[in-house]
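What follows is each chain in one-letter form.
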Amino acid sequence: QTIKLVDLREAVNTDNIVEDLVNDLLSENPDLTASATHLFKGGGKYFRPTCVMLMGECCNTGYPDNDKQREIALITELIHVASLIHDDVLDSSDTRRTLQTVNSRFNEKVAILSGDYIIARATSKLARLGCSDTITILSSVIRDLIKGEIHQLNKRSNNHEEQLAMYIEKSYLKTASLIAHGCQAVALNSGRPHLQHIAYQYGRNMGIAFQLVDDMLDFISTSEAMGKAAGSDLKLGLATAPVLYAAVKHPAMNQLISRGFNEEGDIELALEMVKDSNGIKLTKALAQRYCDKALSDLKQLPESEYRTGLAVLCDLVLNRNS
Ligand code: 2DE
Ligand code: MG
Ligand code: MG
Ligand code: MG
Ligand code: MG
């Protein structure tokens, strides 16, 4: 019998997580409440809080339960949702979690302010934990998210190894940092705080795999399955792993990358080159290698059903279609 993400969510009791998150975002201003809670009405996977809770329970095996871990999982999801709302403004996206994006359902100004508001709520929740190391760890994530987006606006290279290294660094900043630091923070707040560095490594490796698969799905999955637009990265001028690998077989790809696929026919040409290469296969193989690293990190954590759950999570990340 195959384990699904919903089974893992159940194991760490995050079933009422949406209710808790919405409660954290209620405002005396009904318009602000409506826009800030909008994305929680859609079909989110809640992959991040599930991962963070599993890590917390795993490191806490044999110690009494503690409430801080659940708070950290909630903060992680709040930071994530704020970044999605802002990301959809930057990317001019219309669909998210099977719903209209906040910028599309309301407008861009409301979306920017709603993202800011969610970050403010996450910040006060973080302060209430009363642990300055935890505050330092989780606030570094917000800086990384911004660095990742700025990085994506600028950096270009023509050397394959350099391109790939820059792409992995960007993926760390925009995706893995949140998962890694969320894992680190719950480990720090467990009965075994010395496990925080291993917890961080697991989150980093799994998070990079997660983004590699996200970028692969942008080429091979459908908007219906993902609840957000497929085929959007080339339109945004982004050269993700499948494109970088395709450029090894088709050096002409490098010209398209440099001009951000912005000339007539560039996108169709790039899609052909990706198809006529091992771009997708090599991207999945790289994601597999990061998952393997994450699995070997787990060997240093206490054996428990939660550790098994963290291993299953690697498999779910790799073999998802949405
Ligand atoms: C997802 O990338 C975006 C991640 C980071 C966004 C960070 C921003 C800085 P994608 P999809 C906007 C501001 C941060 C705050 C407010 C905390 O690849 O495919 O565009 O899901 O994701 O659209
Ligand atoms: Mg986007
Ligand atoms: Mg984006
Ligand atoms: Mg994504
Ligand atoms: Mg994407």
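Criteria and thresholds
Residues numbered from 1 in each chain as written. Chains lettered and ligands numbered in written order. Predicted model: local features only at pLDDT ≥ 70, side-chain atom pairs only at ≥ 80, totals over all residues. Heavy atoms only, no water. Helix = DSSP H or I, 4+ residues; strand = E, 2+ residues; numbered from the N terminus. Rg over C-alpha atoms; globule rule 2.2 N^0.38 Å. Buried < 20%, exposed > 50% of the residue type's maximum accessible area, 1.4 Å probe, protein only. Contact = heavy atoms within 4.5 Å. Areas by Shrake-Rupley, 256 points an atom, 1.4 Å probe, with all protein chains shown as cover. Lys, Arg positive; Asp, Glu negative; His and termini not counted. Charge placed at Lys NZ, Arg CZ, Asp CG, Glu CD. Near = heavy atom within 4 Å. Polar contact = N/O pair within 3.5 Å; in protein donor to acceptor, adjacent residues only side chain to side chain. Nonpolar A, V, L, I, M, F, W, Y, C, P; charged D, E, K, R; others polar. Core = buried A, V, L, I, M, F, W, Y, C linked by side-chain atoms within 4.5 Å. Phe/Tyr/Trp six-rings, centres within 6.5 Å; stacked < 30°, edge-to-face > 60°. Lys NZ or Arg CZ within 6 Å of the ring centre and 35° of its normal. 1 Å grid on protein atoms, 1.4 Å probe; cavity = no way out; pocket = protein on both sides within 12 Å on 5 of 7 lines; lining within 4 Å. Points joined across faces, edges and corners; volume = space filled by probe spheres on them. pLDDT = per-residue confidence, 0-100.

A look at the overall build of the protein
The helix and strand inventory of the protein stands at 16 helices and two strands. Relative to its length of 322 residues, the protein is compact, with a C-alpha radius of gyration of 19 Å against a globular reference of 20 Å. Overall, the C-alpha framework of the protein stretches about 60 × 50 × 40 Å when taken along its three principal axes. Buried residues in the protein amount to 54% of all 322 residues. The long-range fraction of contacts in the protein, counting pairs at least 24 apart against all pairs at least 6 apart in sequence, stands at 73%. Per element, the accessible surface of the protein, about 14600 Å² overall, is 51% carbon and sulfur. Distance from the positive charge centre (34 side chains) to the negative charge centre (41 side chains) of the protein: 2 Å.

Section: the site of ligand 1
Around ligand 1 sit 13 residues, and of these Asp87, Asp91, Arg96, Lys174 and Lys228 come closest. Within the side chain of Arg96, an N or O atom sits 2.7 Å from an oxygen atom of ligand 1. Within the complex, 89% of the 610 Å² of free accessible area of ligand 1 lies under protein. Looking at the shell around ligand 1, the elements that each hand over two or more residues are α5 (67-90) and α8 (132-154). In terms of residue count, the dominant contributor to the shell around ligand 1 is α5 (four residues). Partitioned by chemical class, the residues of the shell around ligand 1 number four nonpolar, two polar and seven charged.

Structural notes on the nonpolar core
Grouped together as the largest cluster of nonpolar side chains are 98 residues, with contacts concentrated most on Tyr202, Met253 and Leu313. When residues in this core are grouped by element, the largest group, 14 residues, is from helix α9 (residues 160-188). Apart from the residues lying within four places of it in its own chain, the contact partners of Tyr202 are Cys51, Met55, Cys183, Ala294, Asp297, Leu298, Leu310, Leu313 and Cys314.

Observations concerning the packing of aromatic side chains
The way to describe two aromatic rings as a pair is by their centre distance and the angle between their planes. On inspection of all chains with the given rule, the structure shows one aromatic pair. Between Phe47 and Phe210 the ring centres are 4.7 Å apart and the planes differ by 25 degrees, which places this aromatic pair in the stacked class. Highlighted residues: Phe47 in helix α4 (residues 47-59) and Phe210 in helix α10 (residues 196-220), separated in sequence by 163 residues. Assessed through its relative accessible area of 5%, Phe47 is described here as buried. In this structure, Arg97 packs its charged tip against the face of Tyr46, placed 5.1 Å from the ring centre. Residue placement shows Arg320 over the ring face of Phe210; its charged tip is 4.0 Å from the ring centre.

Thoughts on the layout of surface pockets
Roughly 380 Å³ of volume is contained in the second largest pocket. Lining the second largest pocket are 18 residues, and of these Leu5, Lys45, Leu316, Arg320 and Ser322 sit closest to its centre. Of all the secondary structure elements, the ones that give two or more residues to the lining of the second largest pocket are α1 (5-11) and α16 (305-318). Tallying contributions element by element places α16 first for the lining of the second largest pocket, with four residues. A breakdown of the residues in the lining of the second largest pocket according to their chemical character gives eight nonpolar, five polar and five charged.

Comments concerning the confidence of the model for the protein
Counting all residues, the mean pLDDT for the protein is 95, and 100% of those residues have values of 70 or more. Both confidence scores are given for the complex: pTM 0.96, ipTM 0.95.

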